[in-house]
Amino acid sequence: MCGIIGFTGTLDATNVLTKGLSQLEYRGYDSAGIAFFENESIRTIKTTGKVQCLKEKVEAANVTGATCGIGHTRWATHGGVSDINSHPHTFGNVTLIHNGIIENYKELQEELALQGKTPVSQTDTEIAAMVIDDCFTGDPIEAIKKADARLEGQYGFCVMFKGHPGKIFCIRNGSPLVATHAEAGSVIASDMVALLDYSKDYFVLPEHVIATLTKDEITLVDLEGNSVEPEMLHVDWDVDAAMKGGYEYFMLKEIHDQPDALMNTIRPRVKNGLPTFEADNVPDEVFTHCNRILITACGTAMHAGLVGKNLIERLAKVPVTVDVASEFRYNEPIMDENTLLITISQSGETADTLAAIRLAKEHGAKTLSIVNVKGSTIARESDYVLYTHAGPEIAVASTKAYTVQLSVFYLIAARFAFVTNKLNEEETKTFIANLENAIESLNEILEKEMDFDEVSASLDNATSLFYIGRGLDECLSREGSLKLKEISYIHSEAYAAGELKHGTISLITDDVPVIALATQHNVYSKMISNIREVKARGAKVILITNGEDESIDESICSFQVSIPKVDDMFAPFGTAVIVQYLAYFCAVRRGLNVDQPRNLAKSVTVE
Ligand code: F6R
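This report concerns the structure included in the present document. Computed from a predicted structure; not experimentally measured.

The rules behind the values
Residues numbered from 1 in each chain as written. Predicted model: local features only at pLDDT ≥ 70, side-chain atom pairs only at ≥ 80, totals over all residues. Heavy atoms only, no water. Helix = DSSP H or I, 4+ residues; strand = E, 2+ residues; numbered from the N terminus. Buried < 20%, exposed > 50% of the residue type's maximum accessible area, 1.4 Å probe, protein only. Pairing = 2+ DSSP bridges. Axes fitted to C-alpha atoms, helices over the stretch in contact; angles between N-to-C directions. Contact = heavy atoms within 4.5 Å. Phe/Tyr/Trp six-rings, centres within 6.5 Å; stacked < 30°, edge-to-face > 60°. Lys NZ or Arg CZ within 6 Å of the ring centre and 35° of its normal. Left-handed = near helix turned anticlockwise from the far one by under 90°. Nonpolar A, V, L, I, M, F, W, Y, C, P; charged D, E, K, R; others polar. 1 Å grid on protein atoms, 1.4 Å probe; cavity = no way out; pocket = protein on both sides within 12 Å on 5 of 7 lines; lining within 4 Å. Points joined across faces, edges and corners; volume = space filled by probe spheres on them. Domains from an automatic or database assignment. Expected span 1.5 Å × (residues − 1). Parallel < 35°, antiparallel > 145°, perpendicular 65-115°, else oblique.

## Observations concerning unusual backbone geometry
Here comes step 1: Here histidine 87 and proline 88 are connected by a cis peptide whose omega angle stands at 0°.
Here comes step 2: With respect to the element layout, proline 88 can be found in the loop between strand E4 (68-74) and strand E5 (89-91).
Here comes step 3: Here the phi dihedral of asparagine 272 falls at roughly 50°; this positive angle occurs in a residue that is not glycine.
Here comes step 4: With respect to the helices and strands, the residue asparagine 272 is situated in the loop between strand E15 (270-271) and strand E16 (274-275).
Here comes step 5: For asparagine 421, which is not a glycine, the phi torsion comes out positive at approximately 60°.
Here comes step 6: Residue position: asparagine 421 is located in the loop between helix H13 (400-419) and helix H14 (425-440).
Here comes step 7: Using a relative accessible area of 69% as the deciding quantity, one classes asparagine 421 as exposed.

Here's what the structure looks like:
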């Protein structure tokens, strides 16, 4: 959600902070602010709007000689979008930034009111600043320890105390914080992306451990005062991976990253043509001892799970259910020691997905997660992790993270079927070869990029549309529809093609286009009948096929777009790229900010 950065060292802190906030802006972008030591006192500059607005304010402020400070980009939860609600917040001796939600802020506010203390903003964060100040009698670490016992909810804090120049104190519960000490000084952030300029070695701040950052070192102590050694991690992403690389938008770059990201995810897991998770320390018993799989995740990641269900049930013949993580734990899922819960998350921090893992563990189920960010909370709390190697995904709309998640499901389904003798060696090798071919064929789609602009132009006046499909195409319809809503703000609904006539077809008129996914040959003729049904009611149809169907004419669709012909089971990769392009061009053509759609944040760390 919010983006956090803290820096103390030898560089100009205002530059480090504003640069870091630009890199973190995808996490939240309704307001931004920094606070820094200017000599002995703390000065704050904050504003609503983008980080660019903050940069302009900082430049006009003529700051010199600041080498220690904290910065924040906000995605509002408590209190509207206003300068006063932006972070950093100061109360008494304390200035802080916060990522998360303080759940008991109302009770705390009432307690503090008894002492005549009132906040100036409507935020839960200012209450946290007031609590820490209330606990402060001169020792910052003691104050944070005492406040930690009073605060409930999720938080990642970076705190500066009056009288302690050059130092930043940090603690977290739930919300992510990663840190590094490098030549330039000490840096802490909500996301590894903001550390890449300084180091590729970093650590995740353990929960309820207090970090003290100075220009020379980072020290960690737990709540009992014992010193804690950080567990260092290394990331192989480079700074370029987190830049636009000449593309107009991160989303476009990330669409293009897909063939490499997919190969990076698959290749280390294929030996002699067979899938293996040996290097991931995922033993085959995870599959052989499991009689039921539950998959849960949010948004796009959940859509990857829908494809996963289809593949695992088809290949490994084990029942799979898929649920959105925000509903999962409230649906009282049936789990025992023979259940495998598979969670999927790009960020590895999604609160609802994490809660599902914790619940599964209480029931004795095994947990396997598919995660992009190394060392993230979901990765650390799962019994087994299969990392995807998409590199940093900066655009809010997920593209490459989705297709690499799909690829891991292909590997899981194949390994599962192989070790349970549902597929023999030759069949498994053919499956993996088909997977690699499907990925290679994506380059042909990327080369035809501008064709998708032309197709999208036909949606210029659309305000509402339907995505329809059957089988795997129904799963991809959901992803195409979400992508379109998310960045182009066109209302869209994904529907099982055969289900339309049971009510929803009443919404089809000549103003409501239909994007029909028809890549699956076993249901192709049925899809064509469904398309005729919507066509007969005036819909303009965009048809996506697996290889070109020359028999298709204007009586069926206005546009036929085809993916290079692949075995049906592998069509989701090509289809995914096409629906991503359609959403992308619709948004660009409407002049929208593709990478930072309104109201959204990249990483959803609150429930
Ligand atoms: C949509 C999108 C979201 C995320 C969802 C889960 O384009 O990106 O729907 O997929 O918020 O996030 P992660 O994968 O980080 O758990």
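## Some points on the environment of glycine 375
Here comes step 1: Relative to the helices and strands, glycine 375 is located in the loop between strand E20 (366-371) and helix H12 (377-381).
Here comes step 2: Between the C-alpha atoms of glycine 375 and valine 235, which are 140 residues apart in sequence, the distance is 9.7 Å.

## So, the sheet that holds strand E17 (residues 292-297)
Here comes step 1: Strands sit in the order E18-E17-E19-E20-E21 across an open sheet of five strands; the sheet is parallel. Each of the sheet's edge strands pairs with one partner strand only, and the pair in question is strand E18 (320-324) and strand E21 (384-387). When strand polarity is set aside, the average angle formed by the axes of neighbouring strands in this sheet is 20°.
Here comes step 2: As paired elements, E20 and E21 share four bridges and run parallel to each other. Bridge assignment links isoleucine 370 to a residue of E21, and that residue is leucine 386.
Here comes step 3: Lying on the sheet, helix H9 (residues 299-316) is in contact with E17, E18 and strand E19 (339-345); it crosses E18 at an angle near 170°.
Here comes step 4: Running at roughly 165° to E19, helix H11 (residues 351-362) makes contact with E17, E19 and E20 of the sheet.

## Quick word on the packing of aromatic side chains
Here comes step 1: For the structure on display, the rule yields 15 aromatic pairs.
Here comes step 2: Taking the centre distance of 6.2 Å and the plane angle of 75° together, the rings of tyrosine 249 and tyrosine 584 count as edge-to-face. Of this pair, tyrosine 249 sits in the loop between strand E14 (232-234) and helix H6 (250-256) while tyrosine 584 is found in helix H19 (residues 571-589), placing the two residues 335 residues apart along the sequence.
Here comes step 3: For tyrosine 249, a relative accessible area of 17% gives the class buried.
Here comes step 4: Tyrosine 584 sits in the buried class, given a relative accessible area of 2%.
Here comes step 5: With centroids separated by 6.2 Å and ring planes inclined at 55°, the aromatic side chains of phenylalanine 277 and phenylalanine 287 adopt a geometry described as tilted. Taken together, the residues phenylalanine 277 in the loop between E16 and helix H8 (285-288) and phenylalanine 287 in helix H8 connect sequence positions ten residues apart. Of the two residues examined, phenylalanine 277 and phenylalanine 287, each falls in the buried class.
Here comes step 6: Aromatic ring contacts, followed pair by pair, group Tyr249, Phe452, Tyr581, Tyr584 and Phe585 into a single cluster.
Here comes step 7: We note arginine 598 situated over the ring of tyrosine 489; from NZ or CZ to the ring centre the distance is 3.8 Å.

## Examining the sheet that holds strand E12 (residues 209-213)
Here comes step 1: A sheet is described by the order of its strands in space; here six strands give the open sequence E5-E6-E7-E8-E12-E13, paired in antiparallel fashion. Two strands bound the open sheet, and with one partner strand each, they are E5 and strand E13 (218-222). Averaged over all pairs of adjacent strands, the angle between their axes in this sheet comes to 25°, without regard to strand direction.
Here comes step 2: Taken together, the nine bridges between strand E6 (residues 94-102) and strand E7 (residues 153-161) define a ladder with antiparallel strand orientation. Bridging across to E7, threonine 95 finds its partner in methionine 160.
Here comes step 3: Lying on the sheet, helix H4 (residues 124-135) is in contact with E5, E6 and E7; it crosses E6 at an angle near 130°.

## Overview of the packing of helix H7 (residues 258-266) against H13
Here comes step 1: Contact geometry for H7 and H13: axes closest at 9 Å, N-to-C directions at 35°. Considering the relative orientation of H7 and H13, their crossing is right-handed. Seen from H7, the contacting residues are Gln258, Ala261, Leu262, Thr265 and Ile266; seen from H13, they are Lys400, Thr403, Val404, Ser407, Val408 and Leu411.
Here comes step 2: Considered class by class, the residues forming the contact of H7 with H13 number six nonpolar, four polar and one charged.

## A short note on empty space enclosed by the protein
Taking a probe equal in size to a water molecule and rolling it over the atoms shows the remaining empty space.
Here comes step 1: For the coordinates displayed, the defined rule picks out three cavities of 30 Å³ or more.
Here comes step 2: Approximately 230 Å³ is the volume found for the largest cavity.
Here comes step 3: Looking at the largest cavity, it is lined by 24 residues, and the ones nearest its centre are Arg27, Ser190, Asp191, Ser347 and Val373.
Here comes step 4: For the lining of the largest cavity, the per-class residue count stands at eleven nonpolar, six polar and seven charged.
Here comes step 5: Built from parts of two domains, the lining of the largest cavity gets at least three residues from each of domain 1 (3-235) and domain 2 (242-440).
Here comes step 6: Every residue along the wall of the second largest cavity is listed here: Cys2, Arg74, Trp75, Ala76, Thr77, His78, His87, His98, Gly100, Thr123, Asp124 and Thr125.
Here comes step 7: Along the lines of polarity and charge, the residues of the lining of the second largest cavity split into three nonpolar, seven polar and two charged.

## Quick look at H9
Here comes step 1: Along its 18 residues, H9 runs 25 Å from first to last C-alpha, staying within 8% of the 26 Å computed at 1.5 Å per residue.
Here comes step 2: When you tally the buried positions in H9, you get 14 out of 18 residues, the bulk of the element.
Here comes step 3: Phi turns positive one or two residues past the end of H9, at lysine 317, with a value near 55°.

## Description of the packing of helix H16 (residues 449-457) against H19
Here comes step 1: Two elements in contact, H16 and H19, have axes separated by 8 Å at closest approach and are oriented at 60°. Relative to H19, the element H16 lies oblique. Classified by chirality, the crossing of H19 by H16 is right-handed. Seen from H16, the contacting residues are Glu449, Met450, Phe452, Asp453, Val455, Ser456 and Ala457; seen from H19, they are Ile578, Tyr581, Leu582, Phe585, Cys586 and Arg589.

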